[in-house]
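Results of the structural survey
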Amino acid sequence: WQKRWVNSECKPDLGKFKLTAGKFYGDAVRDKGLQTSENSKFYAISSRFKPFSNKGKTLVIQYTVKHEQKIDCGGGYVKIFSSNLDQKNLSGDSHYYIMFGPDICGSETKKVHVILNYRNKPHPIKKPIRCKVDGYTHLYTLIIRPDQTYEVKIDNKMVASGNLEDDLDFLPPRKINDPTVRKPTDWDDRIQIDDPNDIKPEDWDEPEYITDTSAEKPEDWDDAVNGEWRYPVVKNPLYRGEWKPRQIDNPNYRGVWPHPQIDNPNYSPDVSIYSYENISIIGLDLWQVRAGTIFDNFLITDDEVYAEDFGDETWGETKGPEKEMNIKQTEEEQEKERVTEEKYFEQRFKKKLERKKESGKDRAVRNAIEKEEL
């Protein structure tokens, strides 16, 4: 793997990858993958293959991710590059075609990125796609078809699909509001209005602050030094704020005005959004606070069925044993902790008994001395 993967040298302190199946796995050999090994580091590594174009063909990008460290902040995505990428200088600024995969940061960000480059500008998907966060190995698949549709699968199950033009802002909208049409002046779109029968109470208007006439001038108050003493101002307990009439449903409500739309003169269809030339490199360019993520089973193909079968033959066959091994390890660790805890309390109990015995001897000696003195 070290011959096929090139480490970036854009920074002197980039994190290092190692080949391992991790702490728990389904198969010690088949589950070996590239694992991030250093905390709070940027990582940049890539692998080159024979250049190709997906024009007129389906493009499938698939791989597995295992956050066995229960990642709290870091990326788990891959990037696809053209053949002219300088692998030694791979960084976050490197121009990429596609970015796909999970990204986790805190409790809020737990999403799957789908970002496609179009006319030298990255366009992220507008649909939220939640990633897996349980610490086990998961299979991520992105399918881009010549008919401009896409599909995202996790563990060989579809989690999102749609049309590239609709779900990513590549092009201007097909339709726009007609700028020559204005909303009618008598169109009432207020859902609620003031109740005309609701009248402000006569005793409502009270000042927010009043003078506290019960206060007394301090004996040490010096008018020459402090100025003329005045009664302090305090919050008025009768103040009720600004009066507003209660709201009622508007009987003349007509709903939201439907602005007439026309064809957008700036819209021009493009049937080649999905295609890229000289696809030649897959890379991992990411940041991780807590290292330990394992990447494996990378696959780029034009065959959706083959990709699904490949996922079942790799991840599908080892996912069960992996989970069983993790559960067994967890149970063994819990048992070990229980035994350690029992030993700890047993030692504390023995020490307490010894102290009681010693204190009993001390009392016996003291009683004997008191008897002799008496």
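Residues numbered from 1 in each chain as written. Predicted model: local features only at pLDDT ≥ 70, side-chain atom pairs only at ≥ 80, totals over all residues. Heavy atoms only, no water.

Right, let's talk about the packing of aromatic side chains for a bit. Scanning the model with the defined rule gives 14 aromatic pairs in all. With a centroid separation of 6.5 Å and 20 degrees between ring planes, the pair formed by Y63 and F295 is classed as stacked. Within this pair, whereas Y63 is found in strand β5 (residues 59–67), its partner F295 is found in strand β21 (residues 293–301), the two being separated by 232 residues in sequence. On the basis of relative accessible area, F295 is assigned to the buried category, the value being 1%. Between the NZ or CZ atom of K11 and the centre of the ring of F42, over which it lies, the distance is 4.0 Å. K66 extends its terminal NZ or CZ atom over the ring of F24, reaching a point 4.2 Å from the ring centre. (Phe/Tyr/Trp six-rings, centres within 6.5 Å; stacked < 30°, edge-to-face > 60°. Helix = DSSP H or I, 4+ residues; strand = E, 2+ residues; numbered from the N terminus. Buried < 20%, exposed > 50% of the residue type's maximum accessible area, 1.4 Å probe, protein only. Lys NZ or Arg CZ within 6 Å of the ring centre and 35° of its normal.)

Structurally, the position occupied by T36 is in strand β3 (residues 33–36). Note on T36: relative accessible area 1%, which makes it buried. Among the polar contacts listed, one links the side chain of T36 to the side chain of Q288, at a separation of 2.6 Å. In this structure the side chain of T36 is engaged in a polar contact, spanning 2.9 Å, whose partner is the backbone nitrogen of G292. With sequence-adjacent residues up to four places away left out, T36 is seen in contact with K16, F17, Y43, L286, Q288, A291, G292, T293 and F295. (Polar contact = N/O pair within 3.5 Å; in protein donor to acceptor, adjacent residues only side chain to side chain. Contact = heavy atoms within 4.5 Å.)

Sheet architecture is open: 7 strands sit in the order β2-β3-β21-β5-β11-β12-β13, paired in antiparallel fashion. Since the sheet does not close on itself, it has two edges, and those belong to β2 (17–20) and β13 (157–163), each with one partner. Recorded for the sheet is a direction-independent mean angle of 25 degrees between the axes of neighbouring strands. By the bridge criterion, 5 bridges tie strand β11 (residues 137–144) to strand β12 (residues 149–154) in an arrangement that is antiparallel. Residue pairing for β12: T141 is matched across the bridge by K153. Contacting β5, β11, β12 and β21, helix α3 (residues 304–313) runs over the sheet at an angle of about 150 degrees to β21. (Pairing = 2+ DSSP bridges. Axes fitted to C-alpha atoms, helices over the stretch in contact; angles between N-to-C directions.)

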